[in-house]
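Now for the letters of each chain:
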Amino acid sequence: MGQRLKVWFRRLQNALSRSKFIHLDHVGVVLMGMLVAYVLGFLALNMSIFSPLKRAFDDFSMTDIYYELQRGGALELNNDIVLVDMTELTDRGEIGQVIHEINQCSPKVLAVDLIFQNEGGDVMSNAMLVGAIDENPDIIFSSKLVDYQPEEDSFDNLVTSFFSQVGDYHFAYGNVVQKHSGGVIRDYSLSMKMKGKPFYSFAYETACKYAGVKPHPQEPNQRPIIYGDTDFPIVGAHDVKESAKLLKDKIVLLGTISSEEDAHITPIGKMAGMKIQAFSIFSLIKNRQVTQMSVWTSLLLAFLLCYLSAWVGYWMFKWIPKLAINILNFYYFFLAAFLVWIAFLCWVHLQYNVNLLYPLLGIALVEKGRSYYGGLVKLLYMKKKWKFLEYSLYK
């Protein structure tokens, strides 16, 4: 058996050698392509004219494509989370009545994604609201962390509802995670620091209350929101009593669904903040943690694919030079499509996010790298007459 393996390996080695698969020129083509990518990246980062391009590049992720593919079919309604929409209600007394009716439905967790910031002059409505809130001491209320101190990685102040000063209420922050203001929301966080101490997110507090566990700092603190093929049942503010069975023992989120002021950009379109919170909670209670491919693994994958493409391109130009460009265009298209398909399967079945940034960028620049490398080799061979260049495939 050992002798057969040796013979097979020797034949494979000879075949690769004859096909010029193993050759330093292919490495040269790959390195030249990487140099081109580095120069373009440097320009994008350091020249203001490329700022819109850089911003768009930063705001793109392959997971956006995965979510679109997953949501192309029928969506499954979630059995753990129900959204109650009070967009049309403006009177706090009426909102208090909705909270009272939700309490009567015995939800397992009630989380209110609203901030009643100013007390206002309607004392009776405020009293009705606070009276309904006091019926359920376990309600989780949204708040907003403000006055960030970057040197301490901590916030100094918290914006809460007006009644926070008159009772012991449970607040959690609803701040969203964005790379820049107005950017796509793909991630949620578990905790941030408030005056140097851990303060937990609205989604994390709600998920912990539902699971019956105490929140605590965890790593990774920032995690991807799994939008997937899930959706959530929505109950109107005036239909709570009729939906008592649906709300019983569930996580009930009270907030707005169609308010433009609370709409944010997500990979699957513009979405209400409450719904984004629902997807974040869903990701937590289903323990949907995604493993991210490391940068070094992505670079290694990019090098291997670029090396293979450099070899394929060499043979295309040698065998059929007139049709090589057209055939290579098809080759790169199907290679990119195959990579996206494999990455999608890894995402859906293994919760593994393949970092395709470097592989796709690399194979897109292989032919540019071949052109520059071939021209450089010819120039050096003509001018310098270096002997080692006699063995080059591009002299």
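Heads up: these notes are all about the structure in this document. (Residues numbered from 1 in each chain as written. Predicted model: local features only at pLDDT ≥ 70, side-chain atom pairs only at ≥ 80, totals over all residues. Heavy atoms only, no water.)

## So, the overall build of the protein chain
Selection criterion: Secondary structure elements follow DSSP: runs of H or I no shorter than four residues count as helices, runs of E no shorter than two count as strands, and numbering proceeds from the N terminus. Burial classes: relative accessible area under 20% of the type maximum marks a residue as buried, over 50% as exposed, and values in between as partly exposed (1.4 Å probe, protein chains only). Two residues form a contact once any of their heavy atoms are found within 4.5 Å. All accessible-area figures derive from a Shrake-Rupley calculation using a 1.4 Å probe, and residue coverage is judged against the displayed protein chains alone.
Scanning the protein chain for helices and strands turns up 13 helices and 17 strands. Buried positions account for 44% of the 395 residues belonging to the protein chain. Pairs at least 24 apart in sequence give 77% of the contacts found in the protein chain among residues at least 6 apart. Accessible surface for the protein chain amounts to roughly 22400 Å². Of this, 60% is attributable to carbon and sulfur atoms.

## Quick look at the environment of N79
Considering the arrangement of structural elements, one finds N79 in the loop between β1 (76-77) and β2 (81-85). It is 9.3 Å that separates the C-alpha atoms of N79 and I251, two residues lying 172 residues apart in sequence.

## Focus on the pairing of strand β4 (residues 140-149)
Quick note on the threshold: Strands qualify as paired when DSSP identifies two bridges or more between them.
Of the strand pairs in this sheet, strand β3 (residues 109-112) and β4 are connected by 2 bridges, and their pairing is parallel. What sits directly across from A111, in β4, is I140. Pairing analysis gives 4 bridges linking β4 to strand β6 (residues 170-173), with the strands arranged parallel. Its bridge partner being in β6, I140 is matched across the sheet by H170. Where β4 meets strand β5 (residues 154-159), 5 bridges bridge the pair, whose relative direction is antiparallel. The residue bridging L145 from the neighbouring strand is L158, located in β5. The antiparallel hairpin formed by β4 and β5 contains 4 residues in its connecting segment, where D153 sits at a positive phi of about 50 degrees.

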